[in-house]
Amino acid sequence: MAEQAGGRRGRTGMWVALALGAAAVWAARDVPAQLGARASGERRDRVHRSPQFSGGRFRNTVPATELTAASMPRVAAAAMSDRERRRPSGPIPVLRPDTGGASDGLFVTWYGHSSALVEIEGRRVLLDPVWSDRCSPSRLLGPKRLHEPPVPLRDLPPIDAVLISHDHYDHLDMPTIRNLVDLQAAPFLVPLGVGAHLERWGVPAARIVELDWNERVTVAGVEFVATAARHFSGRGFARDETLWASWVIAGPTRKAFYSGDTGYFPGFAEIGAQHGPFDVTLVQVGAYGDAWPDIHMFPEDGVATHVDVRGGLMIPVHWATFNLALHDWAEPADRTWAEAKARDVRLAVPRPGERVDVDDPPAVDGWWQQIG
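Residues numbered from 1 in each chain as written. Predicted model: local features only at pLDDT ≥ 70, side-chain atom pairs only at ≥ 80, totals over all residues. Heavy atoms only, no water.

Description of the overall build of the protein chain
Of the regular secondary structure elements, the protein chain holds 9 helices and 16 strands. Going through the 372 residues of the protein chain one by one, you find that 54% of them count as buried. In the protein chain, once contacts between residues fewer than 6 apart in sequence are set aside, the share between residues at least 24 apart is 70%. Accessible surface for the protein chain amounts to roughly 15,900 Å². Of this, 53% is attributable to carbon and sulfur atoms. (Helix = DSSP H or I, 4+ residues; strand = E, 2+ residues; numbered from the N terminus. Buried < 20%, exposed > 50% of the residue type's maximum accessible area, 1.4 Å probe, protein only. Contact = heavy atoms within 4.5 Å. Areas by Shrake-Rupley, 256 points an atom, 1.4 Å probe, with all protein chains shown as cover.)

Put into C-alpha cells, the structure is as follows:
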C-alpha cells in the first residue's frame, strides 16, 4: 500500500510539474517578440545621423542620473515595506467615455496612466495606448493594472493618429499595437528607432512615421512635432537605442502638449517659446522617486513644466493605473493639486474614462482622496 501511495504521489508530482512547465512556456512564448527589434537599413541610418545619437546610444541634452546598481538594494528593501499604501483602498471609479460625434472643440479623455484620447478640432489622436493587464513582457509577472480600461479597444471611435512617446512597456504595448493595426487605419507616429518594434509586430511600414526631435509631420490636418524630453529607453538589456520624445499636437487653431516620460529640464521653456502657448497639457506627475530624480518628474516639476510650455489647462497623467514607484497611490494627485493652487494653474483631474472639455473643464473634486 505504501508503495502504491508513493507511486500515486510521484505521478501527481510529475503531472503538476508538467502543468507548471506548460504554464511557464505559455507565459513566456511572447517574450522574444515583446522585446521588439533593433533598427536596420534606412531606420538604422537615420538613427546614426541623429544629433541626439552619440557613442552608440541616444543621449539627453541635459545628462540624467539614472537608477544605479548600488542603489538597487535600498530601493528593493523599500519596495517590500508599506506595500498597501501604494494601492488604492477601494475600487477606482471608471467612467464609460462618451466620444460619439466628432467635435470642432478640444477634448481629452484620460484612459489611465498615460493613455489618452485628444480630440482636436474634429480629429482624434490616441496617446501611448496600453490596454494589457500588465505593463511587462510577461503575462504572469510585472506591474498589474489597478483598474480596467474604461472602454474596450474595439469600441474606440475612428482614430486619425496613434502617438507613442517611447518604447517602455507602460507606454508601448505589443498586444495593444497588434490589435490597433486591425481595428484602426491610423498611422503610428513614433520617435526614431521605435518603428523597428512596430514592424516586427506586424505594423505595415507605410503606417509608421518616425521622427527625430524638432521634426514634424501633418496628418489629417493636424501638425505633430516631436520635441525634446529627458528620459531613456529600452525593452531588454540594451539601453537608449531608440529615442524618447514629448509631442506638440497642433490643429488649425488649437494646441495640445504631451510631456511623455521625462525629468524636468530647461528644454520645456524652449518648447513653450517656440511652440506655445498650448490650450491643454498632459503632463507626467507619477512614478517618481529620489533614486531616479532626473527621468520622472515630481508633481511640482510637472506643474513647472506646464508653466514653462505656456499651458492653459493642465491634466496630470502617468499615475493611478500601475504601481511603478514607492510613493503613496494618491500622492501624485494631492501634490499636483496643491502646487497648481499655489501657482494659480488651471487643473483638471479626471477619473479614468472621463471626457474633459478643455474650454469647460470639471472642477477638481478630490475624488481620489476617497479611496487613497
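Quick notes on the nonpolar core
With 67 residues, the main nonpolar core has Phe224, Trp319 and Trp329 as its most contacted residues. In this structure, Tyr111, Leu117, Ile159 and Met174 belong to the second largest nonpolar core, which totals 24 residues. (Core = buried A, V, L, I, M, F, W, Y, C linked by side-chain atoms within 4.5 Å.)

Topic: the sheet that holds strand β6 (residues 161-163)
Read from one edge to the other, the open sheet built from 7 strands follows the order β8-β7-β6-β5-β4-β3-β16, with strand pairing classed as mixed. At either margin of the open sheet sits one strand with a lone partner, and together these are β8 (208-211) and β16 (355-357). Averaged over all neighbouring strand pairs, the angle between strand axes comes to 20 degrees, with direction disregarded. Pairing of strand β5 (residues 123-127) with β6, which is carried by 3 bridges, proceeds in the parallel orientation. Across the sheet, leucine 126 pairs through a bridge with valine 162, a residue of β6. (Pairing = 2+ DSSP bridges. Axes fitted to C-alpha atoms, helices over the stretch in contact; angles between N-to-C directions.)

Some words on the sheet that holds strand β14 (residues 311-317)
Strand order in this open sheet of 7 strands is β9-β10-β11-β12-β13-β14-β15, and the pairing throughout is mixed. Each end of this open sheet is capped by a strand with a single partner; those strands are β9 (216-219) and β15 (346-347). Contacting β12 (255-258), β13 (278-284) and β14, helix α8 (residues 299-308) crosses the sheet at an angle of about 150 degrees to β14.

Here we look at the pairing of β14
Counting buried residues in β14 gives 5 out of 7 residues, a clear majority hidden from the surface. In this structure, β13 lies alongside β14, joined through 6 bridges in parallel fashion. Considered in β14, the bridge of valine 283 is made with proline 316. Crossover β13 to β14 through α8 is right-handed. With 2 bridges connecting them, β14 and β15 associate as parallel partners. Counterpart to methionine 314 in the pairing with β15 is leucine 347. (Right-handed = clockwise from strand over helix to strand, strands pointing away.)

Remarks on empty space enclosed by the protein
If you walk through the whole model with that rule in mind, you get 1 cavity of 30 Å³ or more. Lining the largest cavity are 16 residues, and of these Ala287, Phe322, Asn323, Leu324 and His327 sit closest to its centre. Across the lining of the largest cavity, the residue classes break down as 9 nonpolar, 5 polar and 2 charged. (1 Å grid on protein atoms, 1.4 Å probe; cavity = no way out; pocket = protein on both sides within 12 Å on 5 of 7 lines; lining within 4 Å. Points joined across faces, edges and corners; volume = space filled by probe spheres on them. Nonpolar A, V, L, I, M, F, W, Y, C, P; charged D, E, K, R; others polar.)

Re the layout of surface pockets
What the second largest pocket holds in volume is close to 370 Å³. Looking at which element gives the most residues to the lining of the second largest pocket, the answer is helix α3 (residues 41-49), with 3 residues. Counted by class, the lining of the second largest pocket contains 7 nonpolar, 9 polar and 5 charged residues.

Topic: the side chain of serine 50
With respect to the secondary-structure elements, serine 50 resides in the loop between α3 and β1 (53-54). Classification of serine 50 by relative accessible area gives buried; the value is 4%. Here the side chain of serine 50 touches glutamine 52 through a polar contact of 3.0 Å, landing on its backbone nitrogen. One polar contact links serine 50 to aspartate 212, side chain to side chain, over a distance of 2.7 Å. (Polar contact = N/O pair within 3.5 Å; in protein donor to acceptor, adjacent residues only side chain to side chain.)

Structural notes on the pattern of salt bridges
The full count for this structure, using the stated rule, is 20 salt bridges. Salt-bridge contacts for arginine 355 lead to glutamate 119; the nearest nitrogen and oxygen are separated by 2.7 Å. With arginine 355 in strand β16 and glutamate 119 in strand β4 (residues 115-120), the pair connects residues that are 236 residues apart, well separated along the chain. The partly exposed category is assigned to arginine 355, whose relative accessible area is 27%. Taken together, the shared-partner salt bridges in this structure form one network comprising Arg43, Glu199 and Glu210. (Salt bridge = Lys/Arg side-chain N within 4 Å of Asp/Glu carboxyl O.)

Quick notes on the confidence of the model for the protein chain
Predicted coordinates in areas of low pLDDT are best not read in detail. Looking at the protein chain, the pLDDT average stands at 91 and 87% of residues meet or exceed 70. Below a pLDDT of 50 lies the segment residues 16-27, which in the model reaches 3 contacts outside its immediate sequence neighbourhood of four places, other chains included. (pLDDT = per-residue confidence, 0-100.)

With respect to the packing of aromatic side chains
In the structure shown here, the tally under the stated rule is 15 aromatic pairs. Each ring, one from tryptophan 319 and one from tryptophan 367, has its centre 5.8 Å from the other, and the planes form 35 degrees; the classification is tilted. Placement of the pair is tryptophan 319 in the loop between β14 and α9 (331-342) and tryptophan 367 in the segment after β16, with a sequence separation of 48 residues. Comparing tryptophan 319 with tryptophan 367, the two get one shared label, buried. Ring centres of tryptophan 329 and tryptophan 367 lie 6.5 Å apart, and the angle between their planes is 70 degrees; on these two criteria the pair is classed as edge-to-face. Highlighted residues: tryptophan 329 in the loop between β14 and α9 and tryptophan 367 in the segment after β16, separated in sequence by 38 residues. (Phe/Tyr/Trp six-rings, centres within 6.5 Å; stacked < 30°, edge-to-face > 60°.)

Brief notes about the pairing of β12
Examined bridge by bridge, strand β11 (residues 246-250) and β12 share 4 bridges and lie antiparallel to one another. Within β12, the residue paired with alanine 250 across the bridge is lysine 255. The antiparallel hairpin formed by β11 and β12 contains 4 residues in its connecting segment. Two strands pair when backbone bridges link them, and β12 and β13 are joined in this way by 3 bridges, in the parallel orientation.

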